[in-house]
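Examining the three-dimensional arrangement
So the chains spell out like this:
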Amino acid sequence: MALRCALAMLKPDAEGKEFIERIIKRLHALSYHMRTYFWLDFQQLNVIYRYKTEEYSHTAVNKFNVIPDSIPEWVFDFMPTVGGYFIGNVSPARMDFRWFALGNCVAILSSLATPEQSMAIMDLIEARWEELVGEMPLKIAYPALESHEWRIMTGCDPKNTRWSYHNGGSWPVLLWLLTAACIKTGRPQIARKAIDLAETRLLKDGWPEYYDGKLGRFIGKQARKYQTWSIAGYLVAKMMLEDPSHLGMISLEEDKQLKPMIRRSSSWTC
(Lines give C-alpha, C1' and ligand atoms only; values in the text may rest on other atoms or scores of the structure.)
Protein backbone atom coordinates (compact mmCIF):
# COMPACT_ATOMS: atom_id res chain seq x y z
CA MET A 1 0.00 0.00 0.00
CA ALA A 2 2.79 2.43 0.94
CA LEU A 3 4.83 1.67 -2.17
CA ARG A 4 1.84 2.07 -4.49
CA CYS A 5 0.82 5.35 -2.85
CA ALA A 6 4.40 6.62 -3.22
CA LEU A 7 4.33 5.60 -6.88
CA ALA A 8 1.18 7.66 -7.42
CA MET A 9 2.74 10.75 -5.82
CA LEU A 10 6.11 10.73 -7.60
CA LYS A 11 6.60 12.85 -10.70
CA PRO A 12 8.25 11.07 -13.67
CA ASP A 13 10.98 13.71 -13.92
CA ALA A 14 14.73 13.17 -13.75
CA GLU A 15 14.76 12.80 -9.98
CA GLY A 16 11.54 10.80 -9.65
CA LYS A 17 12.22 8.38 -12.50
CA GLU A 18 14.87 6.47 -10.56
CA PHE A 19 12.58 6.02 -7.56
CA ILE A 20 9.69 4.95 -9.78
CA GLU A 21 11.83 2.25 -11.37
CA ARG A 22 13.02 1.02 -7.98
CA ILE A 23 9.49 0.96 -6.56
CA ILE A 24 8.12 -0.98 -9.54
CA LYS A 25 10.92 -3.52 -9.18
CA ARG A 26 10.25 -3.84 -5.46
CA LEU A 27 6.50 -4.18 -6.02
CA HIS A 28 7.02 -7.04 -8.48
CA ALA A 29 9.23 -8.91 -6.03
CA LEU A 30 7.13 -8.19 -2.94
CA SER A 31 3.76 -9.06 -4.47
CA TYR A 32 5.17 -12.30 -5.93
CA HIS A 33 6.71 -13.26 -2.58
CA MET A 34 3.57 -12.54 -0.55
CA ARG A 35 1.10 -14.06 -2.99
CA THR A 36 3.20 -17.20 -3.34
CA TYR A 37 4.68 -17.95 0.08
CA PHE A 38 2.27 -16.28 2.53
CA TRP A 39 -0.96 -17.54 0.98
CA LEU A 40 -2.72 -20.51 2.58
CA ASP A 41 -5.79 -22.39 1.40
CA PHE A 42 -6.91 -26.02 1.52
CA GLN A 43 -4.83 -27.01 -1.50
CA GLN A 44 -1.69 -25.26 -0.24
CA LEU A 45 -2.13 -26.76 3.23
CA ASN A 46 -2.13 -30.20 1.61
CA VAL A 47 1.10 -29.32 -0.21
CA ILE A 48 2.80 -28.12 3.00
CA TYR A 49 1.54 -31.20 4.86
CA ARG A 50 3.47 -33.36 2.37
CA TYR A 51 6.61 -31.21 2.19
CA LYS A 52 9.96 -32.93 1.93
CA THR A 53 12.71 -31.33 4.03
CA GLU A 54 16.38 -30.63 3.38
CA GLU A 55 15.82 -29.37 -0.18
CA TYR A 56 18.53 -26.88 -1.07
CA SER A 57 18.72 -26.54 -4.87
CA HIS A 58 16.95 -23.96 -7.02
CA THR A 59 14.34 -26.65 -7.80
CA ALA A 60 13.28 -26.97 -4.13
CA VAL A 61 9.52 -26.80 -3.52
CA ASN A 62 9.97 -26.37 0.25
CA LYS A 63 11.87 -23.10 -0.11
CA PHE A 64 12.07 -22.34 3.62
CA ASN A 65 12.65 -25.92 4.80
CA VAL A 66 9.40 -25.89 6.75
CA ILE A 67 8.96 -29.02 8.86
CA PRO A 68 5.45 -30.45 8.25
CA ASP A 69 5.21 -31.61 11.88
CA SER A 70 5.32 -27.94 12.91
CA ILE A 71 1.80 -27.39 11.47
CA PRO A 72 -0.45 -26.82 14.50
CA GLU A 73 -3.45 -29.13 14.89
CA TRP A 74 -6.01 -26.30 14.89
CA VAL A 75 -5.20 -25.41 11.26
CA PHE A 76 -6.60 -28.67 9.89
CA ASP A 77 -10.01 -28.07 11.51
CA PHE A 78 -10.01 -24.33 10.79
CA MET A 79 -9.24 -24.46 7.06
CA PRO A 80 -12.43 -24.84 4.99
CA THR A 81 -12.33 -26.50 1.57
CA VAL A 82 -13.30 -23.13 0.04
CA GLY A 83 -11.47 -20.03 1.27
CA GLY A 84 -7.99 -18.91 2.24
CA TYR A 85 -5.93 -16.18 3.87
CA PHE A 86 -2.48 -14.65 4.23
CA ILE A 87 -0.68 -16.18 7.21
CA GLY A 88 1.18 -14.19 9.84
CA ASN A 89 4.79 -15.00 8.97
CA VAL A 90 7.10 -17.36 7.11
CA SER A 91 10.50 -18.11 8.60
CA PRO A 92 13.08 -20.90 8.31
CA ALA A 93 11.69 -24.27 9.45
CA ARG A 94 8.27 -22.97 10.53
CA MET A 95 5.32 -20.75 9.63
CA ASP A 96 3.00 -18.64 11.76
CA PHE A 97 -0.37 -19.93 10.59
CA ARG A 98 -2.46 -17.45 12.59
CA TRP A 99 -5.14 -15.30 10.96
CA PHE A 100 -4.69 -11.54 11.33
CA ALA A 101 -7.76 -9.48 10.40
CA LEU A 102 -5.98 -6.18 9.78
CA GLY A 103 -3.38 -7.64 7.42
CA ASN A 104 -5.90 -9.57 5.35
CA CYS A 105 -8.28 -6.62 5.01
CA VAL A 106 -5.45 -4.29 3.96
CA ALA A 107 -4.22 -6.94 1.49
CA ILE A 108 -7.63 -6.69 -0.21
CA LEU A 109 -7.77 -2.87 -0.12
CA SER A 110 -4.22 -2.49 -1.50
CA SER A 111 -4.78 -5.17 -4.18
CA LEU A 112 -1.85 -7.13 -2.80
CA ALA A 113 -4.37 -9.98 -2.83
CA THR A 114 -5.40 -11.05 -6.31
CA PRO A 115 -9.15 -10.87 -7.07
CA GLU A 116 -9.33 -14.64 -6.53
CA GLN A 117 -7.50 -14.40 -3.19
CA SER A 118 -9.71 -11.50 -2.10
CA MET A 119 -12.82 -13.57 -2.71
CA ALA A 120 -11.25 -16.51 -0.89
CA ILE A 121 -10.63 -14.33 2.20
CA MET A 122 -14.31 -13.37 2.19
CA ASP A 123 -15.25 -17.06 1.79
CA LEU A 124 -13.13 -17.88 4.84
CA ILE A 125 -14.81 -15.19 6.97
CA GLU A 126 -18.23 -16.55 6.04
CA ALA A 127 -17.20 -20.16 6.62
CA ARG A 128 -15.58 -19.40 9.98
CA TRP A 129 -17.96 -16.67 11.17
CA GLU A 130 -18.15 -17.95 14.76
CA GLU A 131 -14.38 -18.02 15.15
CA LEU A 132 -13.48 -14.74 13.36
CA VAL A 133 -16.53 -12.58 14.15
CA GLY A 134 -18.42 -14.28 16.96
CA GLU A 135 -20.65 -11.98 19.03
CA MET A 136 -18.64 -8.78 18.44
CA PRO A 137 -16.78 -7.85 15.25
CA LEU A 138 -13.91 -8.33 14.77
CA LYS A 139 -11.38 -10.85 16.08
CA ILE A 140 -7.96 -9.20 15.67
CA ALA A 141 -6.10 -12.54 15.49
CA TYR A 142 -7.04 -16.21 15.54
CA PRO A 143 -6.39 -18.37 17.47
CA ALA A 144 -5.14 -16.97 20.78
CA LEU A 145 -1.69 -17.92 22.05
CA GLU A 146 -1.98 -20.28 25.02
CA SER A 147 -0.10 -21.04 28.28
CA HIS A 148 3.37 -19.47 28.44
CA GLU A 149 3.59 -18.77 24.72
CA TRP A 150 1.64 -15.51 24.96
CA ARG A 151 4.13 -14.20 27.54
CA ILE A 152 7.05 -14.89 25.21
CA MET A 153 5.37 -13.44 22.10
CA THR A 154 3.69 -10.37 23.63
CA GLY A 155 6.28 -9.22 26.17
CA CYS A 156 4.21 -10.36 29.18
CA ASP A 157 1.65 -7.57 28.72
CA PRO A 158 -1.01 -8.67 31.26
CA LYS A 159 -3.77 -7.56 28.88
CA ASN A 160 -2.65 -10.20 26.37
CA THR A 161 -3.96 -13.25 28.18
CA ARG A 162 -5.71 -15.64 25.80
CA TRP A 163 -8.70 -14.21 23.90
CA SER A 164 -7.97 -10.71 25.17
CA TYR A 165 -6.54 -7.45 23.80
CA HIS A 166 -4.06 -8.22 20.98
CA ASN A 167 -4.12 -11.95 21.72
CA GLY A 168 -7.40 -12.89 20.07
CA GLY A 169 -9.45 -9.99 21.42
CA SER A 170 -12.34 -8.50 19.41
CA TRP A 171 -11.93 -4.88 18.27
CA PRO A 172 -14.93 -2.85 17.03
CA VAL A 173 -12.58 -0.40 15.28
CA LEU A 174 -11.83 -3.11 12.70
CA LEU A 175 -15.45 -2.96 11.52
CA TRP A 176 -14.70 -0.25 8.94
CA LEU A 177 -11.83 -2.26 7.43
CA LEU A 178 -14.02 -5.33 7.13
CA THR A 179 -16.77 -3.23 5.55
CA ALA A 180 -14.36 -1.69 3.03
CA ALA A 181 -13.03 -5.13 2.07
CA CYS A 182 -16.59 -6.46 1.71
CA ILE A 183 -17.62 -3.60 -0.57
CA LYS A 184 -14.54 -4.02 -2.75
CA THR A 185 -15.22 -7.73 -3.20
CA GLY A 186 -18.93 -7.20 -3.87
CA ARG A 187 -20.00 -8.85 -0.61
CA PRO A 188 -21.76 -6.02 1.29
CA GLN A 189 -24.10 -8.50 2.96
CA ILE A 190 -21.20 -9.73 5.10
CA ALA A 191 -20.51 -6.20 6.34
CA ARG A 192 -24.20 -5.56 6.96
CA LYS A 193 -24.43 -8.69 9.09
CA ALA A 194 -21.38 -7.61 11.15
CA ILE A 195 -22.73 -4.07 11.61
CA ASP A 196 -26.13 -5.40 12.71
CA LEU A 197 -24.31 -7.52 15.28
CA ALA A 198 -22.30 -4.57 16.58
CA GLU A 199 -25.39 -2.37 16.88
CA THR A 200 -26.96 -4.73 19.38
CA ARG A 201 -24.22 -4.03 21.94
CA LEU A 202 -21.86 -1.13 21.22
CA LEU A 203 -24.09 1.70 22.39
CA LYS A 204 -25.43 -0.27 25.33
CA ASP A 205 -21.91 -1.25 26.42
CA GLY A 206 -20.54 2.31 26.15
CA TRP A 207 -18.39 1.90 23.00
CA PRO A 208 -15.58 -0.17 24.57
CA GLU A 209 -12.08 -0.36 23.13
CA TYR A 210 -12.12 -4.16 22.84
CA TYR A 211 -13.95 -7.30 23.94
CA ASP A 212 -12.66 -10.49 25.56
CA GLY A 213 -13.50 -14.16 25.18
CA LYS A 214 -13.46 -16.73 22.43
CA LEU A 215 -16.66 -15.25 20.97
CA GLY A 216 -16.09 -11.66 22.11
CA ARG A 217 -18.88 -11.87 24.70
CA PHE A 218 -17.28 -9.82 27.47
CA ILE A 219 -16.15 -6.19 27.62
CA GLY A 220 -12.35 -6.22 27.88
CA LYS A 221 -10.98 -6.38 31.41
CA GLN A 222 -8.98 -3.18 30.87
CA ALA A 223 -10.96 -1.77 27.94
CA ARG A 224 -11.53 1.98 28.01
CA LYS A 225 -15.07 3.07 27.22
CA TYR A 226 -16.30 5.74 24.80
CA GLN A 227 -13.29 5.14 22.57
CA THR A 228 -13.19 7.53 19.62
CA TRP A 229 -11.95 4.87 17.21
CA SER A 230 -14.65 2.38 18.23
CA ILE A 231 -17.27 5.04 17.45
CA ALA A 232 -15.48 6.21 14.28
CA GLY A 233 -15.03 2.64 12.99
CA TYR A 234 -18.77 2.06 13.28
CA LEU A 235 -19.70 5.39 11.65
CA VAL A 236 -17.28 4.94 8.74
CA ALA A 237 -18.61 1.43 8.16
CA LYS A 238 -22.20 2.74 8.06
CA MET A 239 -21.30 5.62 5.74
CA MET A 240 -19.48 3.34 3.31
CA LEU A 241 -22.44 0.98 3.13
CA GLU A 242 -24.76 3.92 2.46
CA ASP A 243 -22.44 5.36 -0.20
CA PRO A 244 -19.91 2.80 -1.52
CA SER A 245 -18.17 5.50 -3.61
CA HIS A 246 -16.33 6.51 -0.43
CA LEU A 247 -14.28 3.33 -0.89
CA GLY A 248 -12.13 5.13 -3.47
CA MET A 249 -10.49 7.19 -0.71
CA ILE A 250 -8.93 4.15 0.97
CA SER A 251 -8.71 1.47 -1.71
CA LEU A 252 -6.39 0.86 -4.65
CA GLU A 253 -7.50 -1.04 -7.72
CA GLU A 254 -5.32 -3.76 -9.18
CA ASP A 255 -2.56 -2.40 -11.41
CA LYS A 256 -2.36 -4.77 -14.39
CA GLN A 257 1.10 -3.44 -15.36
CA LEU A 258 2.47 -4.37 -11.94
CA LYS A 259 0.92 -7.83 -11.93
CA PRO A 260 3.85 -10.25 -11.66
CA MET A 261 4.15 -13.39 -13.72
CA ILE A 262 3.95 -16.03 -10.99
CA ARG A 263 6.12 -19.03 -11.79
CA ARG A 264 6.80 -22.06 -9.63
CA SER A 265 10.11 -23.90 -9.52
CA SER A 266 10.73 -26.61 -12.11
CA SER A 267 9.96 -29.37 -9.59
CA TRP A 268 6.44 -28.05 -8.91
CA THR A 269 3.96 -30.78 -9.89
CA CYS A 270 0.53 -29.50 -8.73
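An unreviewed UniProt entry lists the chain under the name Alkaline/neutral invertase, with Punica granatum as the source organism. What the UniProt record of the chain gives under Function (unreviewed entry) is the line "Invertase that cleaves sucrose into glucose and fructose." Of the chain, the UniProt comment under Catalytic activity (unreviewed entry) reads exactly: "Hydrolysis of terminal non-reducing beta-D-fructofuranoside residues in beta-D-fructofuranosides."

1. Looking at the overall build of the chain
For the chain, the helix and strand inventory stands at 12 helices and six strands. Against the 2.2 N^0.38 benchmark of 18 Å for 270 residues, the chain shows a C-alpha radius of gyration of 20 Å, consistent with a compact globule. Sorting the 270 residues of the chain into buried and exposed places 47% on the buried side. Restricting the contact set of the chain to residue pairs at least 6 apart, pairs at least 24 apart contribute 67%. Accessible area of the chain: about 14600 Å², with a carbon and sulfur share of 57%. Counting 33 positive and 30 negative side-chain charges, the chain places the averaged centre of each group 1 Å from the other.

2. What about the pairing of strand β2 (residues 84-91)?
Direction of pairing for strand β1 (residues 39-41) relative to β2: antiparallel, over a ladder of three bridges. The partner of Leu40 across the bridge, within β2, is Tyr85. Relative to strand β3 (residues 94-100), β2 runs antiparallel, the two sharing four bridges. Its bridge partner lying in β3, Ile87 is registered against Trp99. Between β2 and β3, which follow one another and run antiparallel, lie two residues, and Ala93 among them has a positive phi close to 80°.

3. Looking at the sheet that holds strand β4 (residues 141-142)
Pairing is antiparallel across the open sheet formed by four strands, whose spatial order is β1-β2-β3-β4. Two strands bound the open sheet, and with one partner strand each, they are β1 and β4. With two bridges joining them, β3 and β4 adopt antiparallel strand pairing. In the strand pairing of β4, Phe100 is matched with Ala141. Across the sheet, helix α3 (residues 42-49) touches β1 and β3, and the angle it forms with β1 is around 100°. The sheet contacts of helix α6 (residues 115-127) involve β1, β2 and β3, and relative to β2 the element is tilted by about 100°.

4. Topic: the side chain of Arg187
Along the chain, Arg187 turns up in the loop between α9 (175-184) and α10 (188-199). Beyond its immediate chain neighbours, meaning those up to four positions away, Arg187 contacts Met119, Met122, Asp123, Glu126 and Cys182.

5. Quick notes on the nonpolar core
The biggest cluster of nonpolar side chains holds 69 residues, and the ones touching the most others in it are Leu40, Tyr85, Phe97, Trp99 and Ile125. If one sorts the elements of this core by residue count, α9 sits on top with seven residues. In this structure, Trp99 is in contact with Tyr85, Asn104, Ile121, Leu124, Ile125, Leu132, Lys139, Ile140, Ala141 and Tyr142, ignoring residues within four places of it in sequence.

6. With respect to the packing of α9 against α10
One can describe the packing of α9 onto α10 by two numbers: an axis separation of 7 Å at closest approach and a directional angle of 160°. Here α9 is positioned roughly antiparallel relative to α10, judged by the angle of their axes. The handedness of the crossing between α9 and α10 comes out as left-handed. Residues Leu175, Leu178, Thr179 and Cys182 of α9 form the contact with α10, whose own contacting residues are Pro188, Ile190, Ala191, Ala194, Ile195 and Ala198.

Cut-offs and rules
Residues numbered from 1 in each chain as written. Predicted model: local features only at pLDDT ≥ 70, side-chain atom pairs only at ≥ 80, totals over all residues. Heavy atoms only, no water. UniProt positions renumbered as here; feature names shortened; annotations may be inferred. Helix = DSSP H or I, 4+ residues; strand = E, 2+ residues; numbered from the N terminus. Rg over C-alpha atoms; globule rule 2.2 N^0.38 Å. Buried < 20%, exposed > 50% of the residue type's maximum accessible area, 1.4 Å probe, protein only. Contact = heavy atoms within 4.5 Å. Areas by Shrake-Rupley, 256 points an atom, 1.4 Å probe, with all protein chains shown as cover. Lys, Arg positive; Asp, Glu negative; His and termini not counted. Charge placed at Lys NZ, Arg CZ, Asp CG, Glu CD. Pairing = 2+ DSSP bridges. Axes fitted to C-alpha atoms, helices over the stretch in contact; angles between N-to-C directions. Core = buried A, V, L, I, M, F, W, Y, C linked by side-chain atoms within 4.5 Å. Parallel < 35°, antiparallel > 145°, perpendicular 65-115°, else oblique. Left-handed = near helix turned anticlockwise from the far one by under 90°.

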